[in-house]
Amino acid sequence: MNRALARLHTSIDMRMPLKTLDYVIEAVFERSESQAGRIFRELEEVCPRETILASNTSGIPVSLLASATRRPDKVIGTHFMNPVR
């Protein structure tokens, strides 16, 4: 568990080194669909083509986020519930 946790990183800085990541989870406050689309366009520019771009959204269609990129096949939805039951 400790080795796995040591490989997880969080950031609010889109300039951090994202060129080596396999998986990115977007979890911003859901204010608008255009804001989420902008974030996915920015991630697309800094992440490798094979990086999976995930969203923690529960209110924005994942297909809309995917359409903001040139890699819709690499965009997925993932949702974390608290508390897990």
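Structural notes, computed from the coordinates. Computed from a predicted model, the values in this text were never measured in an experiment. (Residues numbered from 1 in each chain as written. Predicted model: local features only at pLDDT ≥ 70, side-chain atom pairs only at ≥ 80, totals over all residues. Heavy atoms only, no water.)

## Thoughts on the nonpolar core
Note that soluble globular proteins tend to have their nonpolar side chains buried in a common cluster. This is how the line gets drawn: Definition of nonpolar core: a set of buried residues of the types Ala, Val, Leu, Ile, Met, Phe, Trp, Tyr and Cys, connected through side-chain atoms within 4.5 Å. Three exposure classes are used, based on accessible area relative to the maximum for each residue type with a 1.4 Å probe and protein chains only: buried under 20%, partly exposed in between, and exposed over 50%. Only DSSP runs of H or I reaching four residues or more are called helices, and only runs of E reaching two or more are called strands; each is numbered from the N terminus. Here, two residues are considered to be in contact whenever any of their heavy atoms come within 4.5 Å of each other.
In this structure, Leu-18, Val-24, Ala-36, Ile-39, Phe-40, Leu-43, Cys-47, Leu-53, Ile-60, Leu-65, Ala-66 and Val-75 together form the largest nonpolar core, which totals 12 residues. Within the residue set of this core, elements represented by two or more residues are helix H2 (33-46) and helix H3 (62-67). Counting residues per element, this core draws most heavily on H2, at four residues. The residues contacting Val-75, other than those within four sequence positions of it, are Phe-40, Leu-53, Val-62, Leu-65, Ala-66 and Thr-69.

## Here's the deal with a nonpolar patch on the surface
This is how it is decided: Patch membership is restricted to residues that have no salt bridge and whose relative accessible area is over 30%. Joining uses 9 Å for like charges and 5 Å for the nonpolar side chains Val, Leu, Ile, Met, Phe, Trp and Tyr. All accessibility values rest on the Shrake-Rupley procedure with a 1.4 Å probe; residue burial counts only the protein chains present in the view. Criterion for a salt bridge: a side-chain nitrogen of Lys or Arg within 4 Å of a carboxyl oxygen of Asp or Glu.
Residues Tyr-23, Ile-25, Ile-52, Ile-76 and Phe-80 make up a contiguous nonpolar surface patch of about 420 Å² in total accessible area. Within the secondary structure, Tyr-23 sits in strand S1 (residues 23-26).

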